[in-house]
Amino acid sequence: MGPEVEEFEREFGKFLDAEHAIAVSSGTAAIHLAYLALGLGLGDEVIQPALNFVAAANLTVAVGATPVFADILSLDEPTIDPRDIERRLKPETRAVVVMHYGGYPCRMEEISALCRRYGVALIEDACHAVGARYQGFQEKAPQGKMAGTIGDLGCFSFFSNKNLAIGEGGMVVTNSGELAKRVRLLRSHGMSSLTWDRHRGHASSYDVLTHGYNYRLDEIRAALGRVQLQKLERNNAWRRELVKLYRERLGALEDWTIPFSEYGGDSAYHLMVAVAPNQEERTRVATLLREAQIQTSMHYPLVPAFAAFRDGRAPASATPDAVTDLDQSIAFAQHALTLPLSSSMTVRQVEEVSAVMLEQVEVVR
Ligand SMILES: *Cc1c(COP(=O)(O)O)cnc(C)c1O
């Protein structure tokens, strides 16, 4: 954690207009430190989307708290439903986690107001959303905040398949000096001085102020991150063009849903997802695309359906309604198909994927 890490933090914070940016070793480490900085633990409930990567839920259990899974709004807007959050709020609720699916920000003005009203913390799992700007749904705010800076803490991942990729890495952002101080302390063994400061002779000894971890980012990855950050806006703009083209082409698939059709704000365009009319059609089309040597994936199997979250093996089942009424999430998980999308793809490649898909959907009918 020398000058490259410091500069990466400063530049990333400036890019998002966040007061504090703290580099860590992964998105998972970022989420873990966000929970610990808020003091989440035994007896606390954390409302979060069932449709998410498993990290937010795993760490909820890891800190001793209970995940309570909420539904998404619809197949067209697969981000957490603010009314479902409100329905699942209890005196035990200490935090809400939102995830900006595919890079499209959640309904943050409703969710922020809700969290303020009930006095619960708001954490953004912004791992899909680096560079997304929230524009609001009710009234288009001309200058929205960046995704990750709206809640109490925002968590980013720089894993190889993310928009800003450095191999392994992550970032916690916050505008709270108090939370930032705790995250920094927990990131490196709870030690009162850093190896780098001692190396420079700025400190000779240290104390251990809390039980921390080694979630540091190293200089090499920070240097990569600084260069990747320079390219981010250009890369995201190219992703936007590719998504626009996909939408135009795949609009011909009558029974399919291309999510966020009405979305007017600025996404990070992390994923290109198409939702099939039924599970059989998704399986058929995925198989046929594979035969055409086109890779697809699924974002995501539902978290509460995983073995570790079923049958009393995680505290989720201790809450009777923790995993009920997730109809939209269940349908989405069964029907959604993630198509190839990256900033290095070409127009021709998007045309090719779309053509194969259109042809094959016709054929299977
Ligand atoms: C990638 C990802 C994570 C985890 O990040 P890592 O850097 O792989 O630990 C968490 N949440 C979401 C939504 C992600 O996409």
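Being a predicted model, the structure only gives us computed values, none of them experimental.

Engineer: Please explain the overall build of the chain as it appears in this structure.
Structural biologist: For the chain, the helix and strand inventory stands at eleven helices and nine strands. Computed over its C-alpha atoms, the radius of gyration of the chain comes to 21 Å, within 12% of the 21 Å expected for a compact globule of 365 residues. Here the C-alpha coordinates of the chain stretch approximately 70 × 45 × 40 Å along the principal axes. In the chain, buried positions account for 53% of the 365 residues. Contacts in the chain between residues at least 24 apart in sequence constitute 74% of all its contacts with a sequence separation of at least 6. Roughly 16200 Å² of accessible area belongs to the chain as shown, and the carbon and sulfur atoms make up 49% of that amount. Of the charged side chains in the chain, 37 are positive and 46 negative, and the gap between their average positions amounts to 4 Å.

Engineer: Can you help me understand helix α1 (residues 3–16) in this one?
Structural biologist: Note that an α-helix has 3.6 residues per turn; residues three or four places apart therefore point the same way. With 14 residues, α1 should reach 20 Å at 1.5 Å per residue; the first-to-last C-alpha distance of 20 Å fits that figure. Along α1, the residues classified as buried are V5, F8, E9, E11, F12, G13 and L16. Residues of α1 that are buried sit in contact with β1 (20–24), β6 (153–157), β7 (170–174), α6 (177–187) and α8 (219–250). Taken from the residues just after α1, D17 is the one with a positive phi, measuring 60 degrees.

Engineer: Before we go on, may I ask you to explain α8 in this structure?
Structural biologist: A rise of 1.5 Å per residue sets the reference length of α8, with its 32 residues, at 46 Å; its end C-alpha atoms lie 43 Å apart and thus fit the reference within 8%. Maximal helix bending in α8 amounts to about 45 degrees, located at L232. Within α8 the residues assigned to the buried category are A222, G225, L229, L232, N235, N236, R239, L242, V243, L245, Y246 and L250.

Engineer: Is there a simple way to think about the pattern of salt bridges in this case?
Structural biologist: Side chains that differ in sign of charge can pair as their charged atoms come close. This structure, assessed with the given rule, holds 19 salt bridges. Note that R182 is salt-bridged to E178, the shortest N-O span being 4.0 Å. Of this pair, R182 and E178 both sit in helix α6, four residues apart, which is roughly one turn of that helix. Within this structure, E4, E7, R10, E11 and R226 form a network of salt bridges that share partners.

Engineer: It is not clear to me how the site of the ligand should be interpreted in this structure. Could you clarify?
Structural biologist: Lining the immediate environment of the ligand, one finds 16 residues, of which G27, T28, D125, S157 and K162 sit closest. A distance of 2.9 Å separates a nitrogen atom of the ligand from a polar side-chain atom of D125. Here the ligand loses 92% of its free accessible area of 380 Å² to cover by the protein chains. Counting residues per element, the shell around the ligand draws most heavily on helix α2 (residues 27–37), which supplies three residues. A breakdown of the residues in the shell around the ligand according to their chemical character gives seven nonpolar, seven polar and two charged.

Engineer: I would appreciate a short explanation of the nonpolar core in the present structure.
Structural biologist: In summary, soluble globular proteins display a tendency toward joint burial of nonpolar side chains. One finds W256, L339 and M357 to be the most contacted residues of the largest nonpolar core, which totals 40 residues. Counting residues per element, the ones that place at least two in this core are α8, β8 (272–275), α9 (279–291), α10 (327–335), β9 (336–339) and α11 (347–364). Counting 29 residues, the second-largest nonpolar core is a separate cluster that includes A34, Y35, V97 and L179.

Engineer: Would you mind going over the side chain of R239 with me for this structure?
Structural biologist: If you trace the backbone, R239 turns up in helix α8. Despite being buried, R239 has no salt bridge partner; D266 is the closest side chain of opposite charge, sitting 12 Å away. R239 has contacts with K162, N163, A268, Y269, H270, L341, S342 and S343, leaving out every residue within four places of it along the chain.

Engineer: I'm lost on the sheet that holds strand β5 (residues 121–125) in this one. Help?
Structural biologist: Where strands meet in a sheet, backbone hydrogen bonds hold them as pairs that are either parallel or antiparallel. The strand order across the open sheet formed by seven strands is β1-β7-β6-β5-β4-β2-β3, and the pairing between neighbours is mixed. Where the open sheet ends on each side, the last strands, each with one partner, are β1 and β3 (66–70). For this sheet the average axis-to-axis angle between neighbouring strands, irrespective of direction, equals 20 degrees. Relative to β7, β6 runs antiparallel, the two being bridged by four bridges.

Engineer: Help me out: how do you make sense of unusual backbone geometry in this one?
Structural biologist: Excluding glycine, most residues fall at negative phi; most peptide bonds, likewise, are trans. A cis amide bond links H299 to the next residue, Y300, at an omega of 5 degrees. Phi at D17 takes a positive value of approximately 60 degrees, unusual for a residue other than glycine. If you trace the backbone, D17 turns up in the loop between α1 and β1. Taking the relative accessible area as the measure of exposure, D17 reaches 66% and is therefore exposed. Residue H189 is not a glycine yet carries a positive backbone phi of 65 degrees.

Engineer: Honestly, the side chain of T338 in this entry has me stumped. Any pointers?
Structural biologist: Tracing the backbone shows T338 in strand β9. There is a polar contact of 2.8 Å between the side chain of T338 and the side chain of H299.

Engineer: Explain the environment of I330 to me, please; I cannot follow it from the model alone.
Structural biologist: Note that I330 resides in helix α10. Relative accessible area serves as the criterion here: at 39%, I330 is assigned to the partly exposed category.

Engineer: Got a minute to help me understand the state of the cysteines in this structure?
Structural biologist: Simply put, disulfide is the name for a covalent bond between the sulfur atoms of two cysteines. Enumeration over the complete set of coordinates arrives at zero disulfides. The closest cysteine sulfur to the non-disulfide-bonded C106 is located on C115, 11 Å from its own sulfur. Note on C106: relative accessible area 0%, which makes it buried. Classification of C115 by relative accessible area gives buried; the value is 4%.

Conventions we followed
- Residues numbered from 1 in each chain as written.
- Predicted model: local features only at pLDDT ≥ 70, side-chain atom pairs only at ≥ 80, totals over all residues.
- Heavy atoms only, no water.
- Helix = DSSP H or I, 4+ residues; strand = E, 2+ residues; numbered from the N terminus.
- Rg over C-alpha atoms; globule rule 2.2 N^0.38 Å.
- Buried < 20%, exposed > 50% of the residue type's maximum accessible area, 1.4 Å probe, protein only.
- Contact = heavy atoms within 4.5 Å.
- Areas by Shrake-Rupley, 256 points an atom, 1.4 Å probe, with all protein chains shown as cover.
- Lys, Arg positive; Asp, Glu negative; His and termini not counted.
- Charge placed at Lys NZ, Arg CZ, Asp CG, Glu CD.
- Expected span 1.5 Å × (residues − 1).
- Bend = angle between axes of the 7 residues up to and from the residue.
- Salt bridge = Lys/Arg side-chain N within 4 Å of Asp/Glu carboxyl O.
- Near = heavy atom within 4 Å.
- Polar contact = N/O pair within 3.5 Å; in protein donor to acceptor, adjacent residues only side chain to side chain.
- Nonpolar A, V, L, I, M, F, W, Y, C, P; charged D, E, K, R; others polar.
- Core = buried A, V, L, I, M, F, W, Y, C linked by side-chain atoms within 4.5 Å.
- Pairing = 2+ DSSP bridges.
- Axes fitted to C-alpha atoms, helices over the stretch in contact; angles between N-to-C directions.
- Disulfide = S-S within 2.5 Å.

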